[in-house]
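Each chain, written out:
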Amino acid sequence: MNWVYFFLGDPKKHSLEHRLFNTVSLINGLLNLIGVFGVLYLENYRILISLNVGSGLLMLVMYYLSRVKSIYFILYWPFNLTILFYLASMWFFNGGSIGGNHYYLIPSLVIALILIRNHNVWIVYSLYIGISASLYLLEYFHKDWVTGYVSEMDRYLDAGGNYLFVQILTGILIFILSRNLNIERKKSEALLLNILPEPIADELKKEARVIPKRYEKSSVLFCDMVGFTKIAETMNAEVLVHELDQIFRSFDRICKEYRMEKIKTIGDAYMAVGGIPNENISNPVDAVLCGLAFQSYMAEQKEIHSLQGREFWEIRLGIHMGPLVAGVVGSDKFAYDVWGDTVNTASRLESSGVVGEVNISRVVYEEVQKVFECESRGFVSIKNKADIEMFLVKGFLPEFVSPINPKEPNELFLRLYKTGALFYTDDTES
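Residues numbered from 1 in each chain as written. Predicted model: local features only at pLDDT ≥ 70, side-chain atom pairs only at ≥ 80, totals over all residues. Heavy atoms only, no water.

Caption draft 1: Quick look at helix H6 (residues 121-141). For H6, spanning 21 residues, the distance from its first C-alpha to its last is 30 Å, which sits close to the expected 30 Å at 1.5 Å a residue. Along H6, the positions that sit buried rather than exposed are Val 124, Tyr 128, Ser 132, Leu 135 and Glu 139. One side of H6 holds all its buried residues, which, seen down the axis, span an arc of 60°. For H6, the exposed residues set more than 90 degrees away from the buried face come down to Trp 122, Ile 129, Tyr 140 and Phe 141. Summarising the contacts, the buried residues of H6 are in contact with helix H4 (76-93) and helix H5 (105-114). Between the side-chain oxygen at the start of H6 and the backbone nitrogen of Trp 122 there is a gap of 2.9 Å, and the oxygen is on Asn 120. (Helix = DSSP H or I, 4+ residues; strand = E, 2+ residues; numbered from the N terminus. Expected span 1.5 Å × (residues − 1). Buried < 20%, exposed > 50% of the residue type's maximum accessible area, 1.4 Å probe, protein only. Arc of directions from axis to C-beta. Contact = heavy atoms within 4.5 Å. Polar contact = N/O pair within 3.5 Å; in protein donor to acceptor, adjacent residues only side chain to side chain.)

Caption draft 2: Just the pattern of salt bridges, in detail. Scanning the entire structure with this criterion turns up 14 salt bridges. Between Glu 216 and Arg 214 there is a salt bridge; the shortest N-O distance is 2.7 Å. Of the charged contacts in the structure, one is a salt bridge between Arg 310 and Glu 243, with a shortest N-O distance of 2.5 Å. Taken together, the positions of Arg 310 in the loop between helix H11 (283-307) and strand S4 (314-329) and Glu 243 in helix H10 (residues 237-257) put the pair 67 residues apart, joining distant regions of the chain. Arg 310 sits in the partly exposed class, given a relative accessible area of 37%. On the basis of relative accessibility, which here comes to 9%, the residue Glu 243 falls in the buried class. A single network of salt bridges, built from pairs that share partners, joins Asp 224, Arg 316 and Glu 350. (Salt bridge = Lys/Arg side-chain N within 4 Å of Asp/Glu carboxyl O.)

Caption draft 3: Structural context of empty space enclosed by the protein. Throughout the structure, instances matching the rule amount to one cavity of 30 Å³ or more. Lining the largest cavity are Glu 17, Phe 21, Tyr 72, Phe 73, Tyr 76, Ile 114, Leu 115, Arg 117 and His 119. Broken down by class, the residue content of the lining of the largest cavity amounts to six nonpolar, one polar and two charged. (1 Å grid on protein atoms, 1.4 Å probe; cavity = no way out; pocket = protein on both sides within 12 Å on 5 of 7 lines; lining within 4 Å. Points joined across faces, edges and corners; volume = space filled by probe spheres on them. Nonpolar A, V, L, I, M, F, W, Y, C, P; charged D, E, K, R; others polar.)

Right, here's the structure in full:
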C-alpha cells in the first residue's frame, strides 16, 4: 500500500482529482512507451515509435509535475490534447479506422470525464465527438492520407494488439476509479462517524433523518476548565488551541475506553453521555470511571507543566443520571445532541463541583456505591433548582483497589467489569 501512495499520492494529503491525474498520466505514459514494441514489425515503424515515445515522455513529464510539483489542474487540457493529437496521428499513420485506433477514443473520453473537475462537460464532449467525426470523414474523402498495411496479417496483428491494449487500459481505469471512490467513501464515512455515533449515522444514511429517542437511564458527564480565562490570557492563540486539542483528544480516547458517547465541546467545556445510543446498565459506573480518568489525566498534566514552569488548568466535573431525549437537529452542520432535566442537572453538578474531584448526585451514588468509596457533601444549593444531595468519589472500595497503585482497580474489578457481573443484581435478573 505504501508504494501505491508513493507513486499515486496519499489520500490523506491529495485530493481525488489529484490522485486520478497522477494515476492516469503515469499509466498512459508507460503504456505509450510499451506500445513501441507493438509497432516494430510495421513498415513505417520509425514514425510510430516517435509518436509513442514522444507522447509517452510528455505524459510522464506531466506526471512528474503533478506528483512532485503538485501542478495538475492546469495540465488538464495539455494532457487531453496530447492524447487526441497522438490518436489522430496514429489514425493516419497506422491504418485508420481498420487499424483499431478508434477503440482508443472511448477510454480517452472516459479519462477526460474522470479528470473533468471545473471544466465544461459539453465542451469536452463536443471536442471528442468533433474530432472522431472529422477523422472518419477525412478518411472517407481522402483515403490516400491514411497509411495502410502491407498485408492482412499486419492488419490483424495491429488491430488485435490495439484491442487488447484498450481492454487493459479500460480495466485499469475502472480499477483505479472504483478503488479511489471506495477510498473517498471510507473517508466520508469516517468523517460522519466522527460527528455521529455509528447507529445514528446508519439511520441517517438509510432514512435521511433520525427519529428522536427517549432513554430512561443515561449518565451525563460535564466538565469545565477552572481558571481557563486567566491562563488563556497569557497564551497565544496557537498554543491555546494546541493545549485544548491535546486535552480533548485524551478525553475522547478515555470516553471510548469507558463506552461513553462524546456529545460536544463548548469552549473549554466537555460533555459526554453514557448509555446512548446503545442502552446499557453499566453507564453510571462507566461515567464515574471516565470522570476519574479525566481527573487523573489533568493531575498528571498539571504536574508535568509545573516542572516546566508553566501553568495548567484543573477541572470541575459533575455527573447525574436519569431520563433524556437524544437525536439529531438541523439539516446543515447537524449534530447529535441530548435534552432534558437530567442534562440541566448534570450541568449544575459540574458548576457546583469541587476542583480536582468527581462530583455526583444521589441517584448516581446509589448506583455506584458498591464499587466506589464516596464522601457525602450533604445538600448543596444550586441555581434555579431545589437543593441536591451530592457526593465526591474518592476512589475504589478496598476490595477493588490495586495493590500497586491505589488509584487503579485490581484484577477482580476488571474481570467483573468486563464480564458485566459487576452490574448483576436481583433487580436486573427480574
